[in-house]
Every structure is written in structure tokens, then in C-alpha cells.
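# Chains, contacts and geometry: an overview
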Amino acid sequence: MPREIYPVVVKATAIEQIKDGQPLLYKELFQKTNHLKEAGALLRLTTEDKEYLATGYFGKQEKGIGWLLTTDELQDIDETFFKEKIEAALDRRNDFFENDLIDTFRVFNGSGDGIGGLTIDCFDHHYLITFENEGIYSFKADIVSALESLIHFKSIYEKRAFQIDGQPVKGDDFLAGERGDFPEVLQENGIPLLYHLDAGMRTGLDIQQRELRSVVKEHAADRRVLNLFSDTGTLTAAALLGGATETTSVDFSTRSRNKTIEQLELHQLDPATQTILVQDAFDYINQADKKTRFDFVIVHPPILVKTQARHFRAEVDLPALIQQTIHMTHRGGLLLITTDCPLFDQARFMKMVDQAFKKLRQTYEIIWESTPLEDFPEHASLKETASKSVLVRRK
């Protein structure tokens, strides 16, 4: 069945953005979009005079309505197109494939590799395709076929990070190869880590935290470590492997506690000797008294929390949260702050950290600041989407 093609007229003020390859398509760029109905339909972007500008696809995702695919009018959007894009991304990651110390990395990073809404991760030759919206999911057959033709793989799995009519898209995540016997273990810079590809949306291993685990391990020796919003506990494990004297991990979910215990037991570390709390980390912070002090505090808050009991938006509330965690850090201690919020860049993030210290009339020293990961390229117009982190010493 032929794919629907919608003509879309670009506003005069947005023509140069489209010509320059602006990847994220949002309705403010166009004269009208109410005729767009079918997820995955192609969008033929033109000027008011019907001059061709680009081709994209329709797929609602966060603030966008789709993604640009090409500015070549003759380019077919088919398996060959996806194969060329994925092959180019694989070539850019040759160093990762040849690195025996790292078993997991991102193979394809959305618009940074030329196709917004699509990511592909490698977990020790098990591959995970994440479809971020219903539109890109409609190209699944072409994408999977293209990937199969380009790589040696143990298996290929998928995650569907979108809903249809407010409901998750059900189905088997397994696509090809031989099913993994999860949880499985991979290596990351000498650290064994557990991961799952067949347990819902979560893999148990955030590969964007690769550098964070190395930084924590390097600086944790002889320190009491607090890991807030600890998720699956890989940073807790890194701290103990780095010589931390004790750790406290705080996360609201029982799943987090269970995964943290799994990670520690993998390293023959006794979970019973560590503090693993199933508690809202915001509540833990708010309830902390003057005696609640640590030598090393790690804080990785969610981007957004909106419940009857709590409202938290990282772009607004992160500075106040940083102030609270400064109080929980001994003088001379370390504070690692990290966020995945896509609404501000590293420069603004660093200003938030600076303002938090200044408001408390405290000083600090930057020990380490994150830089973009080579396997997580971002389009120049979307630099804010990169993860942002800094390690500081409270003076």
C-alpha cells in the first residue's frame, strides 16, 4: 500500500531553517497542519510558490509533529535510504566496535545520525531499536531489514516509546536472532554490569552514564556516598568498586532496590552492608537534618514530576534542588549533578550550578565537566538534548 504524502507549506520565516536541515518539525514552522492525519505519512515541504524544500515524516513526539529526512527531492524513503543512514552511523563508531573495554554503546542517535525518532543501541552484540513515535514505527520493516543486512548480531529487540490512544503498544520485543538469557552481563571499562532487553521499557542500564560510572569510581575512595534517584544502582556499584566506605541509595521504586541488589551481588558486594532505601528522593532530601552529611553526593533528578503531592520541572526547579544537596555535602566533599533535561544546554546548566552556590554564599571547584559523548551526536540545532553533568568540590 503506497505511503500517504502530504503537501505542507513552510512559512516564509522558516524557509532558511528547513533549507539548513532543521531536523525537528513543529507546527509553528508551517502555514497549516490540521490536514495531517496518518502517522508515518511523508511530508513534502514546499514554499508558498510550491518550490520543493525537503521531505519529512509525520510522527508526533513531545513538542514536534515529525522529523525531516532529506532535502533531496529525488531521494526515495525506503529500505535503501535507512540502510545508507545506518551504515554511515556504524562507520562513525568503528572505534567502539574495536574497543574491547566497552561492550555497550549507541549505534544510531536519532537526528544526530540523520533520522529523528530512531535510536539503536548495542549491548554486547544484542541490539535494541527504540522507536520514539508512531510515525517512525511505521517504517519498522525497512529499518529492521536494513540493520540485519549490516551487522553481526546475537539478537535484535525493540522498544516502543510511544502510545496509541493513550495506551502502550503491546507486542513481543524480540525481533530476530536468538533470544538472550536475561539478565546478561557485559563489560564497561572493566566493570561488569547487568542488563535486560526483555523486561519492558527499561533495560536496567543507562548507557549514557558510561562516563559517570568511571568518574564516580575514580573519586569514591574512602568516601561515604549518597546516590539520590539511584535507579538501578550502577553508580552505587561503581562507588563501591572505587573504594567507597559505605553507600546510601535512594529511589522510590521497589524495582530500583531489587536491581541495585542484583548489581551489588554481581560484584560479590554484600547489599546488607549498604543502605538501600525505597523512598521518594525528594522526601529524603526535604527530611534531611544537619547531621545528614556525606563526602560524595550524586543527584540525577527526573525531568518532570507532576502529581498531586509534588510538582518538579528541571528547567525551573533544578537550582533549588542543587542548593539542598549542597547542604548535604561535607565541606571538601564532592557533588555530582547530572540531568537529561532537553530544555537547556550545558552552559545554562553550569549557570544553574553557579547560582545555587552563590545563593548560599558557598564556593566550589569544578573537578570534571561532561562533554558530548562520541556515540551520542546531536544536530547543531538540538544541542540542548544532550545529557549534562558536572562534578564539583564544595570548598
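Description of the structure in this document. The structure presented is a predicted model; accordingly, all values stated were derived computationally and were not measured.

### Quick look at the pairing of strand E5 (residues 64–70)
Of all 7 residues that make up E5, 7 are buried, and the element is covered over most of its length. Relative to E5, strand E2 (residues 24–25) is paired through 2 bridges, and the arrangement is antiparallel. When the sheet's bridge partners are listed, leucine 25 is paired in E5 with glycine 66. Where strand E4 (residues 52–61) meets E5, 5 bridges bridge the pair, whose relative direction is antiparallel. By the bridge assignment for E5, tyrosine 57 is matched with tryptophan 67.

### Notes on the environment of isoleucine 65
With respect to the secondary-structure elements, isoleucine 65 resides in strand E5. Expressed as a C-alpha distance, the spacing of isoleucine 65 and methionine 350, which sit 285 residues apart in the sequence, is 31 Å. Residue contacts for isoleucine 65: discarding those within four places in its chain leaves Leu25, Tyr26, Lys27, Phe30, Thr33, Leu36, Tyr57, Phe58, Gly59 and Lys60.

### Quick look at the packing of helix H6 (residues 210–219) against helix H7 (residues 234–241)
Interhelical geometry of H6 versus H7 gives an angle of 35 degrees and a closest axis separation of 7 Å. The crossing of H6 and H7 is right-handed. On the side of H6, the interface is formed by Leu212, Arg213, Val216 and Lys217, while H7 contributes Thr234, Leu235, Ala238, Ala239 and Leu241. Residues of the contact of H6 with H7, tallied by class, amount to 6 nonpolar, 1 polar and 2 charged.

### Some remarks on the pattern of salt bridges
Taken as a whole, this structure holds 19 salt bridges when the rule is applied. Measuring nitrogen to oxygen at the nearest pair gives 3.8 Å for the salt bridge that ties arginine 255 to aspartate 231. With a gap of 24 residues between them, arginine 255 in helix H8 (residues 254–266) and aspartate 231 in the loop between strand E15 (224–228) and H7 connect regions that are remote in the sequence. Among the residues examined, aspartate 231 registers a relative accessible area of 25% and is labelled partly exposed. One salt bridge connects glutamate 365 with arginine 393, and the closest N-O pair in it is separated by 3.3 Å.

### Some words on the nonpolar core
Counting 33 residues, the largest nonpolar core has Phe82, Ile129, Ile136 and Ile143 as its most contacted members. Those elements that place two or more of their residues in this core are E5, helix H2 (79–92), strand E6 (104–109), strand E7 (118–123), strand E8 (126–131) and helix H5 (140–148). When residues of this core are assigned to their parent elements, the largest contribution, 5 residues, is made by H2. Apart from the residues within four sequence positions on either side, phenylalanine 82 is in contact with Ile77, Ile115, Ile136, Phe139, Asp142, Ile143 and Ala146. Ile326, Ile337, Met352 and Val390 belong to the second-largest nonpolar core, a separate cluster that totals 32 residues.

### Considering the packing of aromatic side chains
Summed over the entire model, instances satisfying the criterion amount to 14 aromatic pairs. Each ring, one from phenylalanine 131 and one from tyrosine 137, has its centre 5.1 Å from the other, and the planes form 80 degrees; the classification is edge-to-face. For the ring pair phenylalanine 229 and phenylalanine 282, a centre distance of 4.9 Å and an interplane angle of 70 degrees mean the geometry is edge-to-face. Remark: phenylalanine 282 occurs in helix H9 (residues 281–287) and phenylalanine 229 occurs in the loop between E15 and H7; sequence separation between them is 53 residues.

### Quick look at H8
Its 13 residues give H8 an end-to-end C-alpha distance of 19 Å, which sits within 8% of 18 Å, the value for a rise of 1.5 Å per residue. Inspection of H8 places Ser256, Lys259, Thr260, Gln263 and Leu264 among the buried residues, and these make up the whole buried set. One side of H8 carries all its buried residues, which in axial view fall inside an arc of 135 degrees. Looking at the buried positions of H8, the neighbouring elements they touch are strand E14 (191–195), H7, strand E16 (246–251) and strand E17 (275–278). A positive backbone phi angle near 55 degrees is found at glutamine 268, which sits one or two residues after H8.

Rules used in this analysis
- Here the residue numbers are simple positions, counted from 1 along each chain's written sequence.
- Where totals are concerned, whole chains, interfaces and linings use all residues; where local detail is concerned, this predicted model gives features only for residues with pLDDT of at least 70, and gives and counts side-chain atom pairs only at 80 or more.
- Side-chain measures were taken over the full set of non-hydrogen atoms in the model, leaving aside hydrogen atoms and water.
- Note on exposure labels: buried denotes an accessible area under 20% of the residue type's maximum, exposed denotes more than 50%, and partly exposed covers the range between, all computed with a 1.4 Å probe on protein chains only.
- Counting from the N terminus, the helices are the DSSP runs of H or I reaching at least four residues and the strands are the DSSP runs of E reaching at least two.
- Pairing between two strands is assigned when DSSP locates at least 2 bridges connecting them.
- Note on definitions: a residue-residue contact is assigned when non-hydrogen atoms from the two residues lie within 4.5 Å.
- Lines fitted to the C-alpha atoms define the axes, with helices restricted to the stretch that makes contact. Angles between their N-to-C directions range from 0 to 180 degrees.
- Left-handed describes a crossing whose near helix is turned anticlockwise from the far helix through less than a right angle; right-handed describes the clockwise counterpart.
- Each residue gets one label: Ala, Val, Leu, Ile, Met, Phe, Trp, Tyr, Cys and Pro are nonpolar, Asp, Glu, Lys and Arg are charged, and the others, such as Gly, are polar.
- Salt bridges are defined by distance alone: a side-chain nitrogen of Lys or Arg within 4 Å of a carboxyl oxygen of Asp or Glu.
- By convention a nonpolar core is built from buried Ala, Val, Leu, Ile, Met, Phe, Trp, Tyr and Cys residues, the set being connected through side-chain atoms within 4.5 Å.
- Only the six-membered ring of Trp is used, alongside the rings of Phe and Tyr, when aromatic pairs are assigned; centres must lie within 6.5 Å, and planes under 30 degrees apart are stacked while those over 60 apart are edge-to-face, with the rest tilted.
- Helices are assigned an expected span. That span is 1.5 Å times one less than the residue count.
- By definition, the arc is the one covered by directions from the helix axis to the C-beta atoms.

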